[in-house]
Each structure stands twice: as structure tokens, then as C-alpha cells.
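# Structure assessment
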Amino acid sequence: MAYFLSFTVEIVKYKCKNDGTMKNIVKRITCITCVMVASTLFLNIPAQAKPPASTDVVIIGAGLSGLATAYGLKKAGIPYHILELTPRIGGRVRTISYKMEDGEELHADSGMEEYWESNPGVKILKELKLPLSQDDALSSIPLDGKLYEYDVDSSDEFLKKMFTPDELAARESLKAKVAAILPDLKKTPIPAETMKLKDISFSAWVLATKVPKKVSEWVRISIECETGLEWTKFSALDGIEEMHIFMGKGEQSFRVIGGNEKFADALANNVGKGNITTNARVSKVVKNGKFSIVNYYDQVTNHRNSIKAKYVVSTVPLYRFAMEVQFEPALSNQKIGAIASQSYGSYFKAHIFVPAEAEKFWMKGGKSFLPIVSDSELGVIYFGNPDQEKSKTKIVSLLVSGARAEAFNFMNQDQARAMIVSGFDRLWPGFSKMIKGMEFYRFHPRAIAAWPVGRSRFDDLSNEIRKPENNLFLAGDFTESSHSDGAFISAERVVKQIVSMRSKK
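Bear in mind that the values here come from a model prediction, so they are computed numbers and not experimental data.

## Focus on the overall build of the chain
- Scanning the chain from N- to C-terminus turns up 16 helices and 26 strands.
- Its C-alpha atoms give the chain a radius of gyration of 23 Å, within 12% of the compact-globule value 23 Å for 505 residues.
- Considering only intrachain contacts with a sequence separation of at least 6, the fraction spanning at least 24 residues in the chain is 74%.
- As presented, the chain carries roughly 20,800 Å² of accessible surface, and 54% of it is formed by carbon and sulfur atoms.

Written out as C-alpha cells, the structure is:
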């Protein structure tokens, strides 16, 4: 989240296994907490740039959306400057560094873990020559009370392990229905019959196909962790769009070796850290003839300053956008209505520290069957530091979504820890005794975009959000998608719109 520090770093609750003296407990807490504060507050801070008096484009927010917009503008030869609210760049992209008591240094992402291959950001990752790992889209998953472990060599083998021939045929039939609809989503306008799918829930649409329960449960569990919301709460049209990553043999997912923060760093270096001003809170955008005046406060000095720009791009999440920034003239009623009627999904993240011997719980025949989409309070279970395979301490990363995430986000931390321990006791008896500590990352409840029944990312209201107004452009994943691909899709859209407007002038 580029404009708003979206989660609070929690002080670690570290269990003293061998020496339970207060001195050693304090030592452990102090050591890890200091590293946490340093990595969370000060990692990635660019040299403070003095904003120019004027530029072609002011970008509000230095998360992935803002950085990707600047990346595109740079390629187009258009001057820009980024104003970022927080002391750091990267928004929701955060890689936490831990220095353990034995001196070992670990790292794990406290936000998103991966990028689907259809994400335009993957192209940029490759252009920036960042080291990547690549994995199949399928995960271990519980169905009918049994955990099906992805411990085979191919997706075909895994599907045959999970489903009977009749269930596989029903799954392929459902995918064929989805495949027939997906091309309509690229048409302008979208056919009226297809648009009607926004008026029913995704759950109702899937269940109406009469697929076997195991197949419908596979769909529900797979999609809910992607949207951060229960499948009864978003429209069929958007659920069908989410299914594209599972078509064919499923998309590949990419992960940045060393952590996703390397991506934010590389983007910032590419667009120029001298073009980024942090600690800058934008308060008002005033259209004045051919230019806009962007007023902002230096949050260190509390001085108000301004930049004159031909165009303004906001990557502020839409639910905060209209609340925190004034506009003269005011935003149109259509845009305000579109923002107000949008929904959202929720996430909560936890890092669980265990000794290396705990790998026996997620290894089978020398092969890991993580991630697990647990459909429980544990959420999606990842190996949090996979590029540190020889580390003495392993990080098990949990990405909890939907109603469970909202509960965790407002829960007493001791209760949260107890619920996670209970969840592991059910999944892997004996695992909880190996837990050495936990760290929690609480996203704002409105972590990602969603569209309720009656709305869609493809409807007229969403199209209104994507239209420029008074040389103001709205970008960010909330304008496009429930994934990080929205950040890059919106950046490409905005750059094309600005290039087109400049050429007409």
C-alpha cells in the first residue's frame, strides 16, 4: 500500500526453551525487536529528494503502482516526481530481516509472496534482471477432510491423486464454461449476457453447474485465498476472471530470490531515487488552467509545499483516496459513487520460527509439499525463507485471508498465537512444541480490492474510475484487480493515457 503504512509491526513473543531467566528473555526480545524496527522503518529509505517546483507528472505514492508508473513514464521520456507519505518506498512490499540470537540472519516477506506469470510485473522483473524462482500454481489442499499433499512430479499426477475420473471430467467441464466466458472480458463493450453475471455471487454460479462437491470445494478454497474474501461475497463475473490463473495446467508463479523488497529497490533505482520524496503527505490537488497544483506537507518539518504539474497520478488505495485528499474542482459524483460501492478483501500474515528438523512435517520422500491452502485459521502455509535451505532456523509463513484475517487483525495477540498453535496441533500433531517464536503483521482490513454482487471490475462504475478527470488519473491495484497485477496493469493504462493526451496537444 503505497500511501498508507498498512500494517503495524508487533513485538515478538519469543519462547525461551532452555534458559528461562528474565535476562535471557529480554535479551531475545530486544535483539529481534531492534532488527524488526530497523528493517521495517528504515530499510529502503531513499536519499531525501528535493521536489522540483514543476514537472510533467506528479505521482502520489511510491508503492509498486507508483514505481511502475514512473518506470513507464521514464521509457516514454516524460518527466515525473513521486511523493510518498511514509519514510520508505515499496508500500505493501516488505521483506523483513531477522538476526537470530545465534547470529544467523534470516529474511522473509511480510506481504505478498509471489507473482502469477500473467502479471505484467513479471516482464519488469525480468527486464531488471532480478533473480527469480518459479513454481507450479497448484498447492496441497484439504478436500472432504483429507489433506492432498502435492508431493508428485506433475500437475496431472496431482489431479489424478485428488479426483476420481468423473470428478476430473466435471472439473474440466467447469473450466470449459469459464474458458468460453473469459474472451468476452476483453471485448468493448462486454456482451450484455456476460455482464449479467455480476448480479449473482460466484458461489451461486459454481453451484448451479452441479459439479461434484469435491470440485466445488476445490474452486472455493482456491479462489477465496486469492480474493481475500468468501466466495459468497463477490460477483460471479469477477470470480470467473480470477479463475484464469487455473486454466490449462495452471499458471506458473514467480518469487524474487532474497525477497520482494529487492523488486521495489530495483524499480526505485531505475526511476531514480532523486525523483522520489518521502515523508510527503499530499493534502490537495487544485486544477488551475492547464496545470494542477499539488499541495503536500513535509511531515518532518510540517511545512506545506506545492508542485505544479501537467498531470497527476494517484496510486492511493481508493477507499482512502477521497477521504485524505481534497480536489478543486471536486471529484465527480460518478467516481465517488464507484469508490463507495467497491468492496475489499482482508489479509493477516504470521512468521513462525522453528528449528531445521521441523522440515519433517512438510517433507515427503525428500520433496516439500508446501504451500498448503489449509482452509483454516492457518491460511496458506508457505516456506518463508526457501532460498535459505541450509539455515538452522526455518520460517513458516502464514497468509490468512477473509473473515479469519479480519478476526486476527483485531484480536489480542496472545489469542492469535493460541489459535495458530491450536491450528498446527490439528494439522501436524507435535509441530507446535517446536515453535520458537511468532511474528505478526496486520494489514489494514481493506487489504485488496473486491467487487460485491451487483458490481464488477468490468462495469460502468469501474470504467468511470479509470477515466482521467481534470488531468487526474487513478491507478493502483484497487482500480483493476484483486492482485498485484492491478498495480502494473493500471500503470500501463495511465502511461498510455498520458502519452495519448500529450500527443493530442
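There is more to say, and it comes next.
## Focus: helix 16 (residues 485–504)
- The end-to-end C-alpha distance of helix 16 is 29 Å, a good match for the 28 Å that 20 residues give at a rise of 1.5 Å each.
- The complete set of buried residues in helix 16 reads Asp485, Gly486, Ala487, Phe488, Ser490, Ala491, Arg493, Val494, Val495, Gln497 and Ile498.
- For helix 16, the secondary structure elements touched by its buried residues are strand 3 (54–60), helix 2 (64–76), helix 3 (120–127), helix 10 (261–271), strand 15 (304–314) and strand 26 (472–474).

## With respect to the pairing of strand 23 (residues 393–401)
- Along strand 23, 9 of the 9 residues are buried, which leaves the element largely enclosed by surrounding structure.
- Of the two faces of strand 23, both are covered, the one formed by Thr393, Ile395, Ser397, Leu399 and Ser401 as well as the one formed by Lys394, Val396, Leu398 and Val400.
- Bridge analysis of strand 22 (residues 380–383) against strand 23 gives 4 bridges, and the strand direction is antiparallel. In the strand pairing of strand 23, Tyr382 is matched with Ser397.

## Structural notes on helix 14 (residues 413–427)
- Compared with an ideal rise of 1.5 Å per residue, which puts 15 residues at 21 Å, helix 14 spans 21 Å between its outermost C-alpha atoms and is within 8% of the ideal.
- Turning to helix 14, its buried residues are Gln413, Ala416, Ile420, Gly423 and Phe424. Taken around the axis of helix 14, the buried residues stretch over an arc of 95°, which confines them to a single face.
- The N-cap residue of helix 14 is Asn412: its side-chain oxygen and the backbone nitrogen of Asp414 are 2.7 Å apart.

## Digging into the packing of helix 3 against helix 16
- Relative to each other, helix 3 and helix 16 sit at 85°, their axes nearing to 7 Å. As far as their axial angle goes, helix 16 and helix 3 are roughly perpendicular. Across the interface between the two elements, Pro120, Gly121 and Ile124 of helix 3 pack against Asp485, Phe488, Ile489 and Glu492 of helix 16.
- Classifying every residue of the contact of helix 3 with helix 16 by side-chain character gives 4 nonpolar, 1 polar and 2 charged.

## Here's the deal with the sheet that holds strand 8 (residues 132–135)
- If you trace the 3 strands from one edge of the open sheet to the other, you get 7-11-8, paired in antiparallel fashion. A strand with exactly one partner marks an edge of an open sheet, and here the two such strands are strand 7 (115–116) and strand 8.

## Focus: the packing of helix 5 (residues 165–181) against helix 8 (residues 213–227)
- Axis separation between helix 5 and helix 8 bottoms out at 9 Å; the angle between their running directions is 50°. In this view, helix 5 runs oblique relative to helix 8, as classed from their interaxial angle. Handedness of the helix 5/helix 8 crossing: right-handed. Note on element contacts: helix 8 touches helix 5 through Lys214, Val215, Trp218 and Val219, opposite Glu167, Arg171 and Leu174.
- Considering only residue class, the contact of helix 5 with helix 8 consists of 4 nonpolar, no polar and 3 charged.

## Here's the deal with the nonpolar core
- With 52 residues, the main nonpolar core has Met162, Phe202, Trp205 and Val219 as its most contacted residues.
- Secondary-structure elements contributing two or more residues to this core are strand 9 (141–143), helix 4 (155–162), helix 5, helix 7 (202–208), helix 8, helix 9 (236–242), strand 22 and strand 25 (448–450).
- For this core, the element with the most residues is helix 8, which contributes 6 residues.
- Setting aside its immediate chain neighbours within four residues, Trp205 contacts Leu174, Lys177, Val178, Ile181, Leu197, Ile200, Ala236 and Ile240.

Parameters at a glance
Residues numbered from 1 in each chain as written. Predicted model: local features only at pLDDT ≥ 70, side-chain atom pairs only at ≥ 80, totals over all residues. Heavy atoms only, no water. Helix = DSSP H or I, 4+ residues; strand = E, 2+ residues; numbered from the N terminus. Rg over C-alpha atoms; globule rule 2.2 N^0.38 Å. Contact = heavy atoms within 4.5 Å. Areas by Shrake-Rupley, 256 points an atom, 1.4 Å probe, with all protein chains shown as cover. Expected span 1.5 Å × (residues − 1). Buried < 20%, exposed > 50% of the residue type's maximum accessible area, 1.4 Å probe, protein only. Pairing = 2+ DSSP bridges. Arc of directions from axis to C-beta. Polar contact = N/O pair within 3.5 Å; in protein donor to acceptor, adjacent residues only side chain to side chain. Axes fitted to C-alpha atoms, helices over the stretch in contact; angles between N-to-C directions. Parallel < 35°, antiparallel > 145°, perpendicular 65-115°, else oblique. Nonpolar A, V, L, I, M, F, W, Y, C, P; charged D, E, K, R; others polar. Left-handed = near helix turned anticlockwise from the far one by under 90°. Core = buried A, V, L, I, M, F, W, Y, C linked by side-chain atoms within 4.5 Å.

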